Amino acid sequence: MIWQTLASRTVYENRWIRVREDDVIGPDGAGIYGVVEMRHPAVFVVAVDPDDRVCLVSLYRYATGRSSLEVPAGGSDGEDALIAARRELEEETGYAAAEWTEIGRMDALNGLADAPEHVFLARDLRRVADAAHSQHEEGIDDVRWVPFGEVLSLIAAGEITDGETIAALAFAGIHLGRFR
């Protein structure tokens, strides 16, 4: 069945998101559907060093009320996704990469959000800055380099629970031939 939108209204917005309510006719009849729209796509960076270690950041997530282990990521703020990915990697880790490959696109929480995301693989890494100030601003507690196989074990053990990080790592694993 094709959904029909009868009317739409904005119920909240700020510089990052817009929340709208749509009057719809869906599979089970008439109703209201709430949709969160991200103003700009997000970017996720799977940075892999020559020792096959993945860069992960640890930060407290207000929405869940707990610390989360994730790949570097953030909003594109309206800029080109690759430029945003380069910026996020440097701000969150102090590293830059000479080799960048876009390895996937995904949609976060597509049952309730319009939130497009770009996933990049970053290689040929070098330290370019002390990121302590920007890490503090981002709420990052720790930056660590974890062997790729161990990252998969952290997912299996429930220590990495961020769905977008898990999906980004899956894209990297597929691209790198780890899951064949």
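This one's a predicted model, so the numbers in the text were calculated from it and none came from an experiment. (Residues numbered from 1 in each chain as written. Predicted model: local features only at pLDDT ≥ 70, side-chain atom pairs only at ≥ 80, totals over all residues. Heavy atoms only, no water.)

## Digging into the confidence of the model for the chain
On average, residues of the chain score 94 in pLDDT, and 99% of them are at 70 or above. Mean pLDDT values over the elements of the chain span from 79, in helix α2 (residues 132–138), up to 98, in strand β4 (residues 42–47). (pLDDT = per-residue confidence, 0-100. Helix = DSSP H or I, 4+ residues; strand = E, 2+ residues; numbered from the N terminus.)

## A closer look at the pairing of strand β5 (residues 53–61)
Bridging between β5 and strand β11 (residues 140–147) involves seven bridges; their strand directions are antiparallel. Bridged to cysteine 55 within β11 is tryptophan 145. Where β5 and strand β6 (residues 66–70) come together, five bridges link them in antiparallel fashion. In the strand pairing of β6, tyrosine 60 is matched with serine 67. Where β5 folds back onto β6 in an antiparallel hairpin, the turn is made up of four residues, including glycine 65, whose phi is positive at roughly 75 degrees. (Pairing = 2+ DSSP bridges.)

## Concerning the sheet that holds β4
Reading across the sheet, the four strands line up as β7-β4-β10-β8 and stay open at both edges, with mixed pairing between neighbours. At either margin of the open sheet sits one strand with a lone partner, and together these are β7 (73–75) and β8 (95–107). Shown here is a sheet whose adjacent strand axes are inclined to one another by a mean of 25 degrees, direction ignored. Relative to strand β10 (residues 116–127), β4 runs parallel, the two sharing six bridges. Within the sheet, the bridge partner assigned to phenylalanine 44 lies in β10 and is valine 119. Contacts from helix α1 (residues 81–93) reach β4, β7, β8 and β10 within the one sheet, and its direction differs from that of β8 by about 120 degrees. Sheet strands touched by helix α4 (residues 163–175): β4, β8 and β10. Its angle to β8, the strand with the most contacts, is close to 110 degrees. (Axes fitted to C-alpha atoms, helices over the stretch in contact; angles between N-to-C directions. Contact = heavy atoms within 4.5 Å.)

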